[in-house]
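# Report on the structure
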Amino acid sequence: MKRHGNLIARIVEQGNMEQSFDDVIGNLTNDRRKAEFKQRKAEVVARLQTSIADGSFRITQYNNLLVTDGPKVRTVQAPPIVERVGCHAIMNIVDDVLYRSVVPSSAASIRGRGMHYLFKMMQRDIRCDTEGTSYFYKCDIKKFYESIDQDVMMDIIHRHIKDNVLLPMLENFVRLMPHGLAIGLRSSQCFGNILLSPVDHFMKEVVKVRYYYRYCDDIVMLAGDKSTLWHWRDLLHDQLETLHLTVKENETLRPLADGLDFLGYVNYGTHALLRKRIKQRFARHMADVKSRKRRIALMGAFKGMAVHADCNHLYKSITHKEMKRFSELGISFVPADGKKRFPGKVMRLGAIVNKEIELHDFETGLSTSYGSDRYVVSFRDPQTGEWGKFFTTSEEMQNILDQIAMQEDESGEKIFPILTTIVSEVFDGNKVKYRFT
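This section reports on the structure supplied with the text. (Residues numbered from 1 in each chain as written. Predicted model: local features only at pLDDT ≥ 70, side-chain atom pairs only at ≥ 80, totals over all residues. Heavy atoms only, no water.)

The next subject is the sheet that holds strand β8 (residues 260-262). Spatial strand order, β8-β9-β10: 3 strands in an open sheet with antiparallel pairing. Since the sheet does not close on itself, it has two edges, and those belong to β8 and β10 (272-274), each with one partner. With direction set aside, neighbouring strand axes in the sheet form an average angle of 25°. (Pairing = 2+ DSSP bridges. Helix = DSSP H or I, 4+ residues; strand = E, 2+ residues; numbered from the N terminus. Axes fitted to C-alpha atoms, helices over the stretch in contact; angles between N-to-C directions.)

What follows is the structure, given as structure tokens:
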């Protein structure tokens, strides 16, 4: 297993720090506080860059907040906003390093891997192999974050990271609470995934469970018979026990035709419906809300869930509207400025460094809040199929892209897409530049 070091330069990079500040402040609900922090942006970013670079950054305090999550009420820990920004900046880079080892069928809090990503993967597998997925086993871990052994967690982090400046800061995140990991802290989501990643690899690669899915601490396995699932269930329990974790008593092993309640849907193999609680909550909100703006927002959120399942009749019965897909309208956007628009999220170059990607296209002469005359490059991750894009003002990268655009293959076609890996180089102390290889 590769251990990663020298990550501080990537963490304190100006683009990463400013993006982290914008992400955290953008989620504040108090407009007055949001405006106050935006005025202090340069000062906050500079102070955090200094404390992270010298290794002195720590989360020093937190408030306990009660948060309702469906029928559950959780106590989450909320550090001060400035410390939250610092944690976010650190974990942006740590996420990128640690998540390279996570199996594709694990999701939750991983960029590009939400519940719909995993739901579509499971749906595809069921449709392609109905006999091999006719039974399911489902479980989740009892008080997952509160039960995590901090010593075990640090041991796993040390297997991945060897940066002696960064490790004490990560240990501060892990040991913030007397026991377990802090719920709600930006780092806990990543650490929880990495803690269970060896279990995922064991079940997929050693036990050879073909249809294995994990969303945070919820685990599902599919097979063609019960006896196989009972055997796998025992092996899974053994693996979790080595991490001092316990499976809840409500684990289930049943035919898929009875309905698998997972990821907000109940999957019957032949079709999938929304979870009853989601339908009831939406119907109650629609009956109570009078604001037209709020009703439109609720309908949009509900449609975003319903469109992935077999819910046309349900959607019409509640909203009295037909649920159409955008693709059925035959409408496409025509930019007034003539510039190309690319799919996917805007990614920092630091988040895709040392990772093989497919370059597909680029556009020139764009202006952003960080400057003008930028190139935006469209790329795809060949492993996950996820689309993304990044901006660059690097003269070297822009020159290479211009040269690629002028070249053609033997048939006279453009040579995009091409495979490449972006690497980073540190110069003049802590400055970072990127280039294609």
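Having seen it, we continue.
For helix α10 (residues 186-206), with 21 residues, the first-to-last C-alpha span of 31 Å sits near the 30 Å given by 1.5 Å per residue. Where α10 bends most, at Leu196, the angle is about 35°, and the proline Pro198 comes one to four residues later. Trailing α10 by a residue or two, Lys208 shows a phi angle of about 70°, which is positive. (Expected span 1.5 Å × (residues − 1). Bend = angle between axes of the 7 residues up to and from the residue.)

Before going further, it helps to examine unusual backbone geometry. The phi angle at Ser109 is positive, at roughly 65°, despite the residue not being glycine. By the secondary structure assignment, Ser109 is in the loop between β3 (106-107) and α6 (115-128). The backbone phi angle of Lys143 is positive, close to 45°, even though this residue is not glycine. Positionally, Lys143 belongs in the loop between β4 (135-140) and α7 (144-147). On the accessibility criterion, Lys143 (53% relative accessible area) is exposed. (Buried < 20%, exposed > 50% of the residue type's maximum accessible area, 1.4 Å probe, protein only.)

We now examine the side chain of His4. Following the sequence through the fold, His4 ends up in the segment before α1 (8-11). By relative accessible area, His4 is classed as buried at 12%.

Let us now look at the environment of Asp310. By the secondary structure assignment, Asp310 is in the loop between α13 (292-306) and α14 (312-319). For Asp310, a relative accessible area of 44% gives the class partly exposed. Between the C-alpha atoms of Asp310 and His271, which are 39 residues apart in sequence, the distance is 6.4 Å. In this structure, Asp310 is in contact with His271, Ala272 and Leu273, ignoring residues within four places of it in sequence. (Contact = heavy atoms within 4.5 Å.)

Okay, the nonpolar core next. Ile90, Leu166, Leu170 and Phe173 are the most contacted members of the largest nonpolar core, which has 78 residues in total. Top element by residues in this core is helix α5 (residues 81-98). It accounts for 11 residues. Beyond its immediate sequence surroundings of up to four residues, Phe173 is in contact with Phe57, Ile59, Cys87, Ile90, Met91, Leu185, Ser187 and Phe191. Ala107, Ile126, Leu274 and Ala306 belong to the second largest nonpolar core, which has 30 residues in total. (Core = buried A, V, L, I, M, F, W, Y, C linked by side-chain atoms within 4.5 Å.)

This part covers the pairing of strand β16 (residues 431-436). Side chains Val432, Tyr434 and Phe436 of β16 all project onto a buried face; the interleaved residues Lys431, Lys433 and Arg435 project onto a face where none is buried. Pairing of strand β15 (residues 418-427) with β16, which is carried by 6 bridges, proceeds in the antiparallel orientation. Pairing of Glu425 across the sheet is with Lys433, part of β16.

We now examine helix α15 (residues 395-406). A rise of 1.5 Å per residue sets the reference length of α15, with its 12 residues, at 16 Å; its end C-alpha atoms lie 17 Å apart and thus fit the reference within 8%. Among all positions in α15, only Met397, Gln398, Leu401 and Ile404 are buried. For α15, the angular spread of buried residues about the axis comes to 120°, placing them on one side. In α15, those exposed residues whose orientation departs by more than 90 degrees from the buried face are Glu395 and Met406. (Arc of directions from axis to C-beta.)

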